[in-house]
Amino acid sequence: MIKVRVPATSANLGPGFDCVGIALDLYNEFYFYDQKETPPEGCQTLLENSLAHRAVAHFARYFRERTPQVNIAVKGNVPPSRGLGSSATLTVAGIIAANLIFQANLPEQKLIELASQLEGHPDNAAPALCGGLVVSLMTSQGLVYKKIMPGKPLKAVVAVPDFELATSEARKVLPSLISHKDAVNNTGRFGFFMTSLLTGDYRFLSVAMEDFLHQPYRMPLVPGLDRVIKEAVSKGALGSCLSGAGPSILAFADQEEEAIARIMVDTWKEYNIEAKAYILNIAS
Ligand code: HSE
């Protein structure tokens, strides 16, 4: 039996749409097993066309092998369809397991690339595979990526609301063109965001985590988004943003995490939204 543990991830982090994500210490555990084996108690067996099965098949095609018959079960902690990379955990688990099944020993870069082909963007798959905060980009020469750890310790406070939002729906609302002004707004902020994270000087993180490419367009899909972000920052969060395609909201903090979590949950209550807050470390 092969066991693979894959962390939750939060993509975009404000201005880094489709090209940055961070791994969080909340995990889905996957078991890949054959007919003679049984997965541990409390696992949920995945259907044969699950994303994890499709990832194994994708790997097999790339490796020019026949898709192996494999059963997959999961012990899940990552809330699904909440902008915390739950589907990436399935895809990445499938790719990692296939690498072991075929004893292919492919390098990390290739594994991220294969997972990203299925995901459509690398910003969840890359940190799910290598941990930390990862900037990643699909280029004509293949995937380029770089992992860093924050210059000074940070916690992620994540408020997860009681409703789901499919990434496909949250991508439909995005415009196909944006103005030059908004592009410049984001470039500057992403530069500041990365500089802050690298140096551990978080003074400008709140402004650096503003976004003009996706968050404003997704606001109607996540009632209270703006308010929850503002209240989190008013309680001492260093910066806050929509987590991935939403609907969860992430705030970075180096103090007052409990108070920040509470105000995020309480603010959402004003919109009749029940939320659960997690205070998480960055998974390395
Ligand atoms: N970058 C992707 C999006 C992340 O915002 O649509 C999806 O988890």
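Residues numbered from 1 in each chain as written. Predicted model: local features only at pLDDT ≥ 70, side-chain atom pairs only at ≥ 80, totals over all residues.

Asks: I keep staring at the overall build of the chain and nothing clicks. Help me out?
Replies: Assigned secondary structure in the chain consists of ten helices and ten strands. Expressed as a percentage of the 284 residues in the chain, the buried residues total 50%. Across the chain, every contact between residues at least 6 apart in sequence was considered, and the portion connecting residues at least 24 apart equals 71%. (Helix = DSSP H or I, 4+ residues; strand = E, 2+ residues; numbered from the N terminus. Buried ≥ 20, exposed ≤ 12 C-beta atoms within 10 Å, placed from the backbone. Contact = placed C-beta atoms within 7 Å.)

Asks: What am I meant to see in the pairing of strand 5 (residues 133-139) here?
Replies: For a regular strand, side-chain orientation follows a simple rule: the groups alternate between the two sheet faces. The pairing of strand 2 (residues 20-33) with strand 5 spans three bridges and is classified as antiparallel. Its bridge partner being in strand 5, V20 is matched across the sheet by V135. Pairing between strand 5 and strand 6 (residues 142-148): seven bridges, direction antiparallel. Paired with T139 across the two strands is G142, which belongs to strand 6. Linking two consecutive strands that pair antiparallel, namely strand 5 and strand 6, is a turn of two residues. (Pairing = 2+ DSSP bridges.)

Asks: Help me understand the site of the ligand, please; the structure alone is not making it clear to me.
Replies: In the neighbourhood of the ligand, 14 residues make up the surrounding shell, with A11, D18, T167, G244 and A245 lying closest. It is helix 5 (residues 167-172) that provides the largest number of residues to the shell around the ligand, a total of three residues. Across the shell around the ligand, the residue classes tally to four nonpolar, seven polar and three charged. (Near = placed C-beta within 6 Å. Nonpolar A, V, L, I, M, F, W, Y, C, P; charged D, E, K, R; others polar.)

Asks: Would you mind going over the UniProt feature "domain: GHMP kinase C-terminal" (unreviewed entry) in the chain with me for this structure?
Replies: What UniProt calls "domain: GHMP kinase C-terminal" (unreviewed entry) maps, in this numbering, to residues 196-264. Along residues 196-264 the backbone is 43% helical and 13% strand, and the end-to-end C-alpha distance reaches 24 Å. (UniProt positions renumbered as here; feature names shortened; annotations may be inferred.)

Asks: Help me out: how do you make sense of the pairing of strand 2 in this one?
Replies: Counting buried positions along strand 2 gives ten out of 14 residues, so the element sits mostly inside the fold. Across ten bridges, strand 1 (residues 2-11) lies against strand 2 in antiparallel orientation. Directly across from P7, in strand 2, lies its bridge partner Y27. As judged from the five bridges shared by strand 2 and strand 4 (residues 71-75), these two strands associate in the antiparallel manner. Bridge assignment links F30 to a residue of strand 4, and that residue is V74.

Asks: Would you mind going over the UniProt feature "binding site: ATP" (unreviewed entry) in the chain with me for this structure?
Replies: Per the UniProt record, the feature "binding site: ATP" (unreviewed entry) sits at P79, P80, S81, R82, G83, L84, G85, S86, S87, A88 and T89. Inspection of the secondary structure puts S81 in the loop between strand 4 and helix 2 (86-101). With near-sequence residues (within four places) excluded, S81 lies in contact with S86, E164, L165 and A166. Within the secondary structure layout, S86 lies in helix 2. Take S86: there are 22 C-beta atoms within 10 Å of it, and that puts it in the buried class.

Asks: I would appreciate a short explanation of unusual backbone geometry in the present structure.
Replies: One can expect most non-glycine residues to show negative phi and most peptide bonds to be in trans. In this chain, G246 is followed by P247 through a cis amide linkage whose omega measures 5°. Looking at where P247 falls in the secondary structure, it is placed in the loop between strand 8 (239-242) and strand 9 (249-253). For E256, which is not glycine, the phi dihedral falls at a positive 55°. Relative to the assigned elements, E256 resides in the loop between strand 9 and helix 10 (257-269).

Asks: Could you clarify how one ought to interpret helix 10 in this entry?
Replies: Residues spaced three or four apart along an α-helix point in a common direction, a consequence of the helix completing one turn every 3.6 residues. The terminal C-alpha atoms of helix 10, which comprises 13 residues, lie 19 Å apart, in line with the 18 Å expected from a rise of 1.5 Å per residue. Along helix 10, the positions that sit buried rather than exposed are E257, I260, A261, I263, M264, T267 and W268. All buried residues of helix 10 project into a common sector of 165° when viewed along the axis, lining one side. Within helix 10, the exposed residues directed more than 90 degrees away from the buried face are D266 and K269. Those residues of helix 10 that are buried are in contact with strand 7 (155-161), helix 9 (225-234), strand 9 and strand 10 (275-281). (Expected span 1.5 Å × (residues − 1). Arc of directions from axis to C-beta.)

Asks: Explanation requested: the packing of helix 1 (residues 51-62) against helix 3 (residues 108-119) in the structure shown.
Replies: Two measures define how a pair of helices packs: the angle their axes make with one another and the distance between the axes. It is at 10 Å that the axes of helix 1 and helix 3 come closest, and there the two elements cross at 120°. Of the possible angle classes, the one that applies to helix 1 and helix 3 is oblique. Between helix 1 and helix 3 lies a crossing of right-handed hand. In this structure, helix 1 uses R54, A55, H58, F59 and Y62 to contact helix 3, whose residues at the interface are L114, A115 and L118. In terms of residue class, the contact of helix 1 with helix 3 is built from six nonpolar, one polar and one charged. (Axes fitted to C-alpha atoms, helices over the stretch in contact; angles between N-to-C directions. Parallel < 35°, antiparallel > 145°, perpendicular 65-115°, else oblique. Left-handed = near helix turned anticlockwise from the far one by under 90°.)

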